[in-house]
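# Architecture and fold: a report
So the chains spell out like this:
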Amino acid sequence: MRYSKLFGQTKKSSPAGEVTVNANLLIRAGYVNKLMAGCYSYLPLGLRVLRKIENIIRKEMNAIGGQELFLPALHPAENWQKTGAWETVDVLFKIKSRTGRSYALGQSHEEIITPLVKEYLDSYQELPLFVYQIQEKFRDELRAKSGILRGREFGMKDMYSFHLNQGDFENFYEKAKEAYLKVYQQCALKAKVTEASGGAFSQKISYEFMVLTDAGEDDILYCQKCNYCINVEIAEFSQGTKCPKCRRGVLKKARASEVGNVFDLGRKYTRDFDLYVYNKNGEKIYPIMGCYGIGTTRLMGVIVEKFHDERGIIWPESVAPFKVHLLTIGRSKAVWQFSEKVYCALVEKGIEVLFDDRRKTSAGEKFADADLIGIPYRLVVSDKTVNNRQIEIKKRNQTKTSLVLLADCLEKFASPALK
Ligand code: ATP
Ligand code: MG
């Protein structure tokens, strides 16, 4: 991609009132644009990152048997009235049409997926069933001051599972938990797993996946010796208490952001929508359901909160919009010709490259923009390097530079085991 042609370039400042690191950097670097509080447009650069995150999630959901589908975001009020959520869910956006019909904007999709599965589920032999989607959710959040960590419209992967019995559900629940941890690991994040009561379904256990960051909105207590972790909101313990699990460590309090959670929904929705099957003994069974959410846009924001410095973003390679950022510094014909050659060679090898080919931009500005945008490897072709047909290479998170020949460069970036 040629930067001169890219829609959505760097900005000198971000909108007034935008206080978070994630939104400030993402806006200034040209990844997102703020429409209003809690609502962001994803520009070409930002969409590349989001799609990479989604694909990591997609791969792991498919690996545990998930089948991807796509549900509407506009829902008939009746579905929400049936479960009682029309009255009880305070974040639900409600809409009236010009003909007086009521609708909801999807804040989650249990109310849609359950009747859908009812239409297609013919036999107990079709269970278990795991379906998921990656879609926008709408929530009338009171506070929307955390940049893309809390949107009124935001991206989520939501999976729903249907099981014949509790044992089968619990097996899958554990598998989903492991798949979640793999997702976060691939996004270079360490997620702690909290055990929490499932809110409205209070007897049930839910797990929340928390990443430590001061930009988060949750307080957690975690053990420094084992993996015990709990949300302060529901905890009977306080900081300094001996860990109730390992009894060796003490609990430490920290700020965190919830990047996902899994809920045991029991038979709430299958009963509400009268979704049942007959088991092999001819008994009528209401399947047990689980739901599994990951905030895709929040995940992107948390990655920025964790990986940045005073100059800009430092993307982990797995989610970076491009692998390399090629900069041309200098005005000579030789420099431009060689840069073009390097760019074309990288593209030909299938290496994702952003080429800063702006003719009138100063070297200082190009370097500053490269740091702000945060692509993992910076390549520079300049008057200094071109005589020896070399390219200067530097990692975004290091200061050390080295000079390489084009052939070495191509080999390095084409190799999957990139160090
Ligand atoms: P929170 O406590 O942060 O409001 P939640 O308990 O309402 O989250 P769920 O309804 O289970 O979360 O949604 C699943 C996931 O979607 C969350 O774990 C989080 O990563 C993400 N998420 C929830 N609300 C938002 C939001 N307003 N903006 C961005 N991501 C969100
Ligand atoms: Mg919420």
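Please read these numbers as outputs of a predicted model, since none were measured by experiment.

Turning next to the site of ligand 1. Residues in contact with ligand 1 amount to 14 residues; listed here are only the nearest, Arg-139, Glu-141, Gly-151, Glu-258 and Asn-261. Between ligand 1 and Glu-141 there is a distance of 2.8 Å, counted from a nitrogen atom to a side-chain nitrogen or oxygen. Contact distances for ligand 1 include 2.9 Å between an oxygen atom and a side-chain N or O atom of Arg-150. Expressed as a share of its isolated accessible area of 580 Å², the protein-covered part of ligand 1 is 83%. Looking at the shell around ligand 1, the elements with two or more residues in it are strand 8 (153–163) and strand 13 (251–266). For the shell around ligand 1, the element with the highest residue contribution is strand 13, accounting for 5 residues. The residue makeup of the shell around ligand 1, split by class, is 5 nonpolar, 4 polar and 5 charged.

Here the focus is the sheet that holds strand 4 (residues 74–76). Two modes of strand pairing occur in sheets, parallel and antiparallel, and in both the strands are linked by backbone hydrogen bonds. One open sheet accounts for 3 strands, arranged 4-6-5; its pairing is antiparallel. At either margin of the open sheet sits one strand with a lone partner, and together these are strand 4 and strand 5 (93–96). Taking each pair of neighbouring strands and ignoring which way they run, the sheet shows an average axis angle of 35 degrees.

The next thing to look at is the pattern of salt bridges. Counted by the stated rule, this structure contains 24 salt bridges. Ionic pairing is found between Asp-158 and Lys-137, a salt bridge with its closest N-O pair at 3.0 Å. Linking Asp-158 in strand 8 with Lys-137 in strand 7 (residues 129–138), this pair joins segments that are 21 residues apart in sequence. In this structure Asp-158 comes out as buried when scored by relative accessible area, which is 2%. Linked through salt bridges whose partners overlap, the residues forming this network are Asp-309, Glu-310, Arg-311, Asp-371 and Arg-396.

Let us now look at the side chain of Lys-137. Judged by relative accessible area, which is 0%, Lys-137 ranks as buried. In terms of polar contacts, Lys-137 uses its side chain to reach the side chain of His-109, at 3.0 Å. Discounting residues that sit within four places of it in the chain, Lys-137 has contacts with Gly-106, Gln-107, Ser-108, His-109, Arg-152, Glu-153, Phe-154, Met-156 and Asp-158.

Negative phi characterises most residues that are not glycine, and trans characterises most peptide bonds. Backbone torsion omega between Leu-127 and Pro-128 reads 0 degrees, so that peptide bond is classified as cis. Along the polypeptide, Pro-128 turns up in the loop between helix 5 (110–120) and strand 7. Positioned with a positive phi, Arg-389 is a non-glycine residue whose angle comes to about 55 degrees. Relative to the elements of secondary structure, Arg-389 occurs in the loop between helix 11 (383–386) and strand 22 (390–395).

This next bit is on the domain arrangement of the protein. Domain annotation of the protein identifies domain 1 (3–309) and domain 2 (324–418). Summarising the inter-unit geometry, the C-alpha centres of domain 1 and domain 2 are found 38 Å apart. The interface is formed by 13 residues belonging to domain 1 together with 11 residues belonging to domain 2. Overall, the association of domain 1 and domain 2 removes approximately 1100 Å² of surface from exposure, summing both partners, and the carbon and sulfur fraction of that is 52%. For the interface between domain 1 and domain 2, the tally reads 3 salt bridges. A salt bridge links Asp-309 to Arg-396, with the shortest nitrogen-to-oxygen separation between them at 2.8 Å. Taken together, domain 1 and domain 2 are joined by 8 residue pairs in polar contact (both at pLDDT 80 or more). When contributions to the side of domain 1 that touches domain 2 are tallied by element, the ones reaching two or more residues are helix 1 (21–28) and helix 2 (44–63).

The topology assignment puts Phe-263 in strand 13. Between the C-alpha atom of Phe-263 and that of Leu-189, which follows or precedes it by 74 residues, the distance is 22 Å.

Turning our attention to the environment of Leu-92. Relative to the elements of secondary structure, Leu-92 occurs in the loop between helix 4 (85–88) and strand 5. Residue classification places Leu-92 among the buried residues on the basis of a relative accessible area of 6%. Leu-92 sits 141 residues away from Glu-233 along the chain, and the two C-alpha atoms are 22 Å apart. Ignoring anything within four residues of it in the chain, the contact list for Leu-92 reads Trp-80, Ala-85, Trp-86, Ala-104, Leu-105 and Gln-107.

By the bridge criterion, 3 bridges tie strand 4 to strand 6 (residues 102–105) in an arrangement that is antiparallel. Residue pairing in the sheet places Pro-76 in a bridge with Tyr-103 of strand 6. Hairpin connection of strand 5 to strand 6: 5 residues between the antiparallel strands, including Gly-100 at a positive phi of 90 degrees.

By the definition in use, this model includes 14 aromatic pairs. Their ring planes at 40 degrees and their centres at 5.7 Å tell us that Tyr-184 and Phe-209 sit as a pair that is tilted. You can see Tyr-184 sitting in helix 6 (residues 166–186) and its partner Phe-209 sitting in strand 10 (residues 201–212), a full 25 residues away along the chain. Exposure class is identical for Tyr-184 and Phe-209. Each is buried. A ring pair is formed by Tyr-276 and Tyr-278, whose centres lie 5.8 Å apart and whose planes are at 80 degrees; its orientation type is edge-to-face. For Tyr-276, a relative accessible area of 30% gives the class partly exposed. One aromatic cluster is present, formed by Phe-130, Phe-169, Phe-172, Tyr-173, Tyr-207 and Tyr-292 through successive ring pairs. One Lys or Arg, Arg-48, reaches over the ring of Phe-322 and ends 3.9 Å from the middle of that ring. Here Lys-284 stacks its cationic end above the ring of Tyr-276, 4.2 Å away from the centre of that ring.

Criteria and cut-off values
Residues numbered from 1 in each chain as written. Chains lettered and ligands numbered in written order. Predicted model: local features only at pLDDT ≥ 70, side-chain atom pairs only at ≥ 80, totals over all residues. Heavy atoms only, no water. Near = heavy atom within 4 Å. Polar contact = N/O pair within 3.5 Å; in protein donor to acceptor, adjacent residues only side chain to side chain. Areas by Shrake-Rupley, 256 points an atom, 1.4 Å probe, with all protein chains shown as cover. Helix = DSSP H or I, 4+ residues; strand = E, 2+ residues; numbered from the N terminus. Nonpolar A, V, L, I, M, F, W, Y, C, P; charged D, E, K, R; others polar. Pairing = 2+ DSSP bridges. Axes fitted to C-alpha atoms, helices over the stretch in contact; angles between N-to-C directions. Salt bridge = Lys/Arg side-chain N within 4 Å of Asp/Glu carboxyl O. Buried < 20%, exposed > 50% of the residue type's maximum accessible area, 1.4 Å probe, protein only. Contact = heavy atoms within 4.5 Å. Domains from an automatic or database assignment. Buried area = accessible area lost by both parts, 1.4 Å probe. Phe/Tyr/Trp six-rings, centres within 6.5 Å; stacked < 30°, edge-to-face > 60°. Lys NZ or Arg CZ within 6 Å of the ring centre and 35° of its normal.

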